[in-house]
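Observations on chain architecture
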Amino acid sequence: MPHSTPLIATLVAGLGLAFIFGALAARFRIPPLVGYLIAGVLVGPHTPGFVADGELALQLAEIGVILLMFGVGLHFSLKDLLSVRAIAVPGAIVQIAFATALGAALAWALGWSTSAGLVFGLALSVASTVVLLRALQERRLIETERGRIAVGWLIVEDLAMVLALVLLPAVAGAMGGTEQTTSVSPSAFGHWFGSGVWGIIGMTLAKVAAFVAVMLVVGRRVIPWVLHYVAHTGSRELFRLAVLAIALGVAFGAAHLFGVSLALGAFFAGMVMSESELSHRAAEESLPLRDAFSVLFFVSVGMLFDPASLMDSPWLILAVLLIIVVGKSAAAFLIVVAFRYPVGTALMISASLAQIGEFSFILADLGVGLGLLPEQGRDLILAGAILSIVLNPLAFAAASRMKPWVEARMGLPASSGPTAAAPAVEPGQAFTPGAATEPSVAEEKLEPTKLTGHAILIGYGRVGALVAASMKEEGLPFLVIEDSDKMRAKLQAQGIETIAGNGASRETFAAANPAGATRLILAIPNAFEAGRIIGQAKAANPQISIVARAHSDAEVDHLVNLGAHEVIMGEREIARGMVEAVLSGKLAPRLADEVAVGFGPLAEATATG
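Conventions used here
Residues numbered from 1 in each chain as written. Predicted model: local features only at pLDDT ≥ 70, side-chain atom pairs only at ≥ 80, totals over all residues. Heavy atoms only, no water. Buried < 20%, exposed > 50% of the residue type's maximum accessible area, 1.4 Å probe, protein only. Helix = DSSP H or I, 4+ residues; strand = E, 2+ residues; numbered from the N terminus. Pairing = 2+ DSSP bridges. Right-handed = clockwise from strand over helix to strand, strands pointing away. Phe/Tyr/Trp six-rings, centres within 6.5 Å; stacked < 30°, edge-to-face > 60°. Axes fitted to C-alpha atoms, helices over the stretch in contact; angles between N-to-C directions. Contact = heavy atoms within 4.5 Å. Patch = residues over 30% accessible without salt bridge, like charges linked within 9 Å, V, L, I, M, F, W, Y side chains within 5 Å. Areas by Shrake-Rupley, 256 points an atom, 1.4 Å probe, with all protein chains shown as cover. Salt bridge = Lys/Arg side-chain N within 4 Å of Asp/Glu carboxyl O. Expected span 1.5 Å × (residues − 1). Parallel < 35°, antiparallel > 145°, perpendicular 65-115°, else oblique. Left-handed = near helix turned anticlockwise from the far one by under 90°. Nonpolar A, V, L, I, M, F, W, Y, C, P; charged D, E, K, R; others polar.

Things to note about the pairing of strand E6 (residues 566-569)
Side chains Val 567 and Met 569 of E6 all project onto a buried face; the interleaved residues Glu 566 and Ile 568 project onto a face where none is buried. Here 4 bridges tie strand E5 (residues 545-550) to E6, and the two strands are oriented parallel to one another. Bridge pairing in E6 links Ala 550 to Met 569. After leaving E5, the chain enters helix H23 (residues 553-562) and then returns to the sheet as E6, a path that is right-handed.

As for the packing of aromatic side chains
Using the criterion set out here, one finds 7 aromatic pairs in the structure. Grouping aromatic residues by their ring pairs yields a cluster made of Phe 211, Phe 258, Phe 267 and Phe 268.

Observations regarding the sheet that holds strand E3 (residues 498-500)
Strand pairing in a sheet takes place through backbone hydrogen bonds and is either antiparallel or parallel in direction. Taking strand neighbours across the sheet as the criterion, the 6 strands line up as E3-E2-E1-E4-E5-E6 in an open arrangement whose pairing is parallel. Single-partner strands in this sheet number two, and they are E3 and E6. Ignoring which end each strand starts from, the neighbouring axes of this sheet average 15 degrees apart. Relative to strand E4 (residues 519-522), helix H22 (residues 527-540) is tilted by about 170 degrees, and along the sheet it contacts strand E1 (455-458), E4 and E5. Where helix H24 (residues 570-584) meets the sheet, it contacts E5 and E6, and its direction lies at approximately 70 degrees from that of E6.

Side note on a nonpolar patch on the surface
There is a patch of nonpolar side chains on the surface, built from Phe 19, Ile 20, Leu 24, Phe 28 and Ile 30 and spanning about 530 Å² of accessible area. Residue position: Phe 28 is located in the loop between helix H1 (6-27) and helix H2 (32-42).

A short note on unusual backbone geometry
Of note in the backbone geometry, Arg 340 takes a positive phi value of approximately 65 degrees without being a glycine. We classify Arg 340 as partly exposed; its relative accessible area is 25%. Positive phi outside glycine occurs at Asn 513, with the angle close to 55 degrees. Of note, Asn 513 is situated in the loop between helix H21 (506-510) and E4.

Re helix H17 (residues 358-369)
An α-helical segment advances 3.6 residues per turn. Residues three or four places apart therefore align on the same side. Between its terminal C-alpha atoms H17 stretches 17 Å, which fits the 16 Å expected from 12 residues at 1.5 Å a residue. Of all the residues in H17, the buried ones are Glu 358, Phe 359, Ser 360, Phe 361, Leu 363, Ala 364, Gly 367 and Val 368. Residues of H17 that are buried in the fold lie against helix H6 (114-125), helix H7 (129-138), helix H8 (145-171), helix H13 (279-304) and helix H18 (375-409). Residue Gly 371 follows H17 closely and has a positive phi angle near 75 degrees.

A short note on the side chain of Ser 125
Looking at the element boundaries, Ser 125 is found in helix H6. The class of Ser 125 is buried, set by a relative accessible area of 0%. Those residues in contact with Ser 125 that sit more than four places away from it in its chain are Gln 95, Ile 96, Ala 99, Thr 100, Glu 157, Met 161 and Lys 328.

Thoughts on the packing of helix H16 (residues 343-352) against H18
Packing of H16 against H18 brings their axes to within 9 Å, and their N-to-C directions diverge by 155 degrees. When the axis of H16 is compared with that of H18, the two are roughly antiparallel. In the crossing of H16 with H18, the sense of the turn from one axis to the other is right-handed. Facing Val 343, Gly 344, Leu 347, Met 348, Ala 351 and Ser 352 of H16, the residues of H18 in contact are Asn 392, Ala 395, Phe 396, Ala 399, Met 402, Lys 403, Val 406 and Glu 407. In terms of residue class, the contact of H16 with H18 is built from 9 nonpolar, 3 polar and 2 charged.

Considerations on the pattern of salt bridges
In the structure shown here, the tally under the stated rule is 3 salt bridges. Notably, a salt bridge pairs Arg 572 with Asp 553, separated by 2.6 Å at the nearest N-O pair. Of this pair, Arg 572 sits in helix H24 while Asp 553 sits in helix H23, and the two are 19 residues apart along the sequence. Among the ionic pairs, Glu 573 bridges to Arg 576, the shortest N-O distance being 3.3 Å. Of the two residues, Glu 573 and Arg 576 are both situated in helix H24; the distance of 3 residues between them amounts to about one turn of the helix. Classification of Glu 573 by relative accessible area gives partly exposed; the value is 33%.

Structure representation (C-alpha cells):
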C-alpha cells in the first residue's frame, strides 16, 4: 500500500493495532506484550494487507531501548552496580559460554560450519534489554537485590555483545566468511594497539573505559548542573526537553564516538543523572515516551516474524526454544546457586534470561551479511525470539510456583536459600563463593504477621513515609508492605514491621493478615495496582476501611467504584491548603520570593521530595 508519509503511517498502524490487541490480551488475562507482537505480525511483510516501514519501526524501537535503559539508570547508582559485580560478571560470562556451546552443538547437528555455530550460539545467549526490564518493572523488582543482579548481568552481556559485533567483521575472513574492515580500526589511538585481533580488543576496551571515565568525571558535573540550570528557568517544557536531549544525546555520542551500544550509553547517562536531586522528576518526565516507544519495540519484533516458519521447521524451532528457555535458565540457576544466593533469586534470574531479543537480531543480520551464518539460522533466531518473548511471563509464573518444590528437593527450609541470604558485596570487596553471609532484605522469609486490629500501609515512598511517621507517633499498630530494599532497611532500622514484596501479590498481601486488619492505606501512586489490591482486601475482609491516593478524577472514581472509602487527590489537597492559607490572612511578605520561584520542576521536586 503506497503512502507518502511512512513515518506517520508506521506510528499510527503500530500504536493503533498495539492498543487494540494489547487491550484484548489484557481482557483475557494475557500479558499485553503478546498483543503488541501480534500487532507487529499483522503490519509486517509476511501477512497480507498494510505493511509498515520495517526500517523506520526498528529505529523507533531503538529509541524505546534508549529511554528504557535511561530510566533504569535513573534508579541505579555506581555503588549499586559495583555491589553485584561479583555475581554479574562471572555469571554472565559463564552463561554466555554455556548457551553458545548449546547453540554450536545444534548447528553442528545441522551440518553448519564452526563459525556459523559460534554466531548462532552467541545470538541465543544474550537476553533482550526491553523484555527483561519490562518484566522487572511490572513486578517492581528493579530496586531489589535480585533486580540489581539482573540489570548488572544485562550490562555485562551488553559489553560482551559490543565486543562480538566489533570483532566479527575483523575475523570473518579467517573464519571462512567475507572479510570487512571493522569500524573501530580508524582511531587516534590505533597505533597503540595495532590492527590485529588483540589490537581491536584492546582498542574496544580502551574506548569503553574512556566513555565510562568521561561520564564519571565530566558527566557527573555537567549533567546535574544542566538539569538544575534548566529547572531554575521555571519552564516545564524546557526541563522535559533537557531530559530527553541528555538521554538521546549521550546514547548517540557513546555509540558514534566510543563504539559503545546506544543502550549502555543511555544507562550511564541515567546513572549519572540519578545523583541529581531532580532525578525523580526526570524519571517522571521521560516515562510517557519510554512506554510508547518500548511498545514500538515489540511491534518491530513482530514485523520480523514469518508465521509460516512454524510449519516449515517446527522441531528445529522447538530445539532453539529449549536452548533459550531451558538451557540458559538452567545455567543461570546453577551459577546463582553456586554463589550461595537464595533459590528465589536464582529462579528470578533464570526467568529473566529465558528470552532473546534485539542483540540477537543484530548478530544474526551481521552473521548473514558476513557469510558466516546461513539464512536458516537467522530465521530460527527470529522464531526463537518471538516465542521466548511470548513465553517469558509464563517463565516468571513457573519460577514462582517452582520455588517451594526446588527448595524441598534441595533440602532447604521453605522460602529461604542455602544461607537464607543474598550476599551483600560492598564496592571493592571480593565475594568468595561459599562464604557465610548475612540475611538480605531482598530475600527474607515471608512469614504471616501476628498483628490483628492493625493498619496495612502499602508503599513507603514520599507519601507512605509521612503516613507511617504519623501512625507511629500516635501509637497505632500497623505494618508496611514494601518492595524496595533501601526502604525496607529504613523501616527495619525504625523497628517497624515490614513485609517484603509487591502488595498486589496475593501471597504477599495475605501475609499482612487483611482478614484481621481494620484499615488499608494505599500510598502507592499506581491506581491500577491499587485497584487490584482493593479487590483482594474486600474479598478477605469486606469490613476493612480503605484509604487510597489518586492523581485525577477518573482515578478517584475508579478506586471508589472498587470499594475505597476515601480517595485523596493530591491536586485537590494542595488547592485546599492554598485557599486556607489565603483566606486565613496569615501569609507573610517574606514568602514572596519563595512563591516567585515556586513554579516549575525544581520547586515541585523540592516540595514533593
